[in-house]
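Fold and geometry: a report
One letter stands for each residue in the lines below.
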Amino acid sequence: MKPANKVMKQNNTAEPVERRISTERNSYTPPEAETQSLAETEEGLARIRAAARKDGTLRFNNLLHHITVERLWQAYDGLKKRAAAGVDGVTWHQYGENLLPNLTELHKRIQMDRYRAQPVKRGWIGKGDGSKRPLGITCVEDKIVQQAVVWILEQIVEQDFLGFSYGSRPGRGQHHALDAVYMAISVKKVSYVLDADIKGYYDPIDQLWLMRLLEHRIADRRILKLIEQTVQAGIVEDGCWRRLASRSRGVR
């Protein structure tokens, strides 16, 4: 069985990437009946990764079957236990009281195109300068689906990144980027360092172009629909629902 934090080999342009689950593990054991084993699900990801590395123009179809009950369990197991409940009011512990039936039903809804992402509950937290930044609280079930999809997408898009790219990548946070900058200025002659920040970067992202970019490598319309559902689910704040960013075309 390959552990979840196994270091994955990358192509020549990308440095090794480590997938980490930083949250506390729980005592649940993975469901065995009628599901693939952990080893089989990891082998499926390895095949995707190898194909993506071999052909940078390949568009992947038939990805939905990689979302198994076992993978959904892995996603649930990696969530934060004490995170606040989303709009449905269900906590991590409550969802786990009937974990296998819940995950089996969720898997069935995904495969039968009956899963629907719920809106994100919007909260606000203070910043050091006195301003506030938005905090999104997602339902447990939606977190599970999102993480399962992310694990699949990572196998493809990670092969296209260059080694000096650190933004929103597994095992490549801001501290890793700072370490890389420190090493660079320590061993090389550097005249200046540019520090820039794009205010509200994620707020105005065009959903149409986001989906078009994903379609460069993803041809499975079912996976694309899951992603589009998520970005179009909107937020609930003070009891009112509203959509975020621009509305993209439907994926059919």
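This text gives an overview of the structure that appears in the document. No experiment lies behind these values; they were computed from the predicted model shown.

1. Let's talk about the overall build of the protein chain
In terms of helices and strands, the protein chain carries 8 helices and 6 strands. What you see in the protein chain, going N to C, is helices and strands ordered as β-β-α-α-α-α-β-β-α-α-α-α-β-β. Within the protein chain, buried positions represent 38% of all 252 residues. Approximately 15,500 Å² of the protein chain is accessible, and the part contributed by carbon and sulfur atoms is 54%.

2. Observations regarding the pattern of salt bridges
A full pass over the atoms with the stated rule returns 8 salt bridges. Residues glutamate 105 and arginine 109 are paired through a salt bridge, measuring 3.8 Å at the closest nitrogen-oxygen approach. Of this pair, glutamate 105 and arginine 109 both sit in helix α4 (residues 99-111), separated by 4 residues, roughly a single helical turn. Since its relative accessible area comes to 17%, arginine 109 is described here as buried. Among the salt bridges present, the one from lysine 225 reaches aspartate 113, with a minimum N-O distance of 3.0 Å. Residue lysine 225 is found in helix α8 (residues 221-232), and its partner aspartate 113 is found in the loop between α4 and β3 (120-126); the two are separated by 112 residues along the sequence. Among the residues examined, lysine 225 registers a relative accessible area of 27% and is labelled partly exposed.

3. Some points on the packing of aromatic side chains
A full pass over the atoms with the stated rule returns 2 aromatic pairs. Relative to tryptophan 92, the ring of tyrosine 76 lies with its centre 4.7 Å away and its plane at 5°, an arrangement referred to as stacked. Separated by 16 residues along the polypeptide, tyrosine 76 in helix α2 (residues 69-77) and tryptophan 92 in helix α3 (residues 92-96) bring together distant segments of the chain. Residues tyrosine 76 and tyrosine 95 carry aromatic rings whose centres are separated by 6.0 Å and whose planes lie at 35° to one another, so their mutual orientation is tilted.

4. Structural notes on the nonpolar core
By size, the foremost hydrophobic cluster in this structure holds 38 residues, and its most contacted members are Ile67, Ile110 and Ile144. Mapped by element, the contributors of at least two residues to this core are α1 (38-54), α2, α3, α4, α5 (140-157), α7 (207-214) and α8. Tallying contributions element by element places α5 first for this core, with 9 residues. Ignoring sequence-local partners within four residues, the contact set of isoleucine 67 consists of Leu72, His107, Ile110, Gln111, Ala148, Val149, Ile152, Ile223 and Leu226.

Scoring rules and cut-offs
- Residues numbered from 1 in each chain as written.
- Predicted model: local features only at pLDDT ≥ 70, side-chain atom pairs only at ≥ 80, totals over all residues.
- Heavy atoms only, no water.
- Helix = DSSP H or I, 4+ residues; strand = E, 2+ residues; numbered from the N terminus.
- Buried < 20%, exposed > 50% of the residue type's maximum accessible area, 1.4 Å probe, protein only.
- Areas by Shrake-Rupley, 256 points an atom, 1.4 Å probe, with all protein chains shown as cover.
- Salt bridge = Lys/Arg side-chain N within 4 Å of Asp/Glu carboxyl O.
- Phe/Tyr/Trp six-rings, centres within 6.5 Å; stacked < 30°, edge-to-face > 60°.
- Core = buried A, V, L, I, M, F, W, Y, C linked by side-chain atoms within 4.5 Å.
- Contact = heavy atoms within 4.5 Å.

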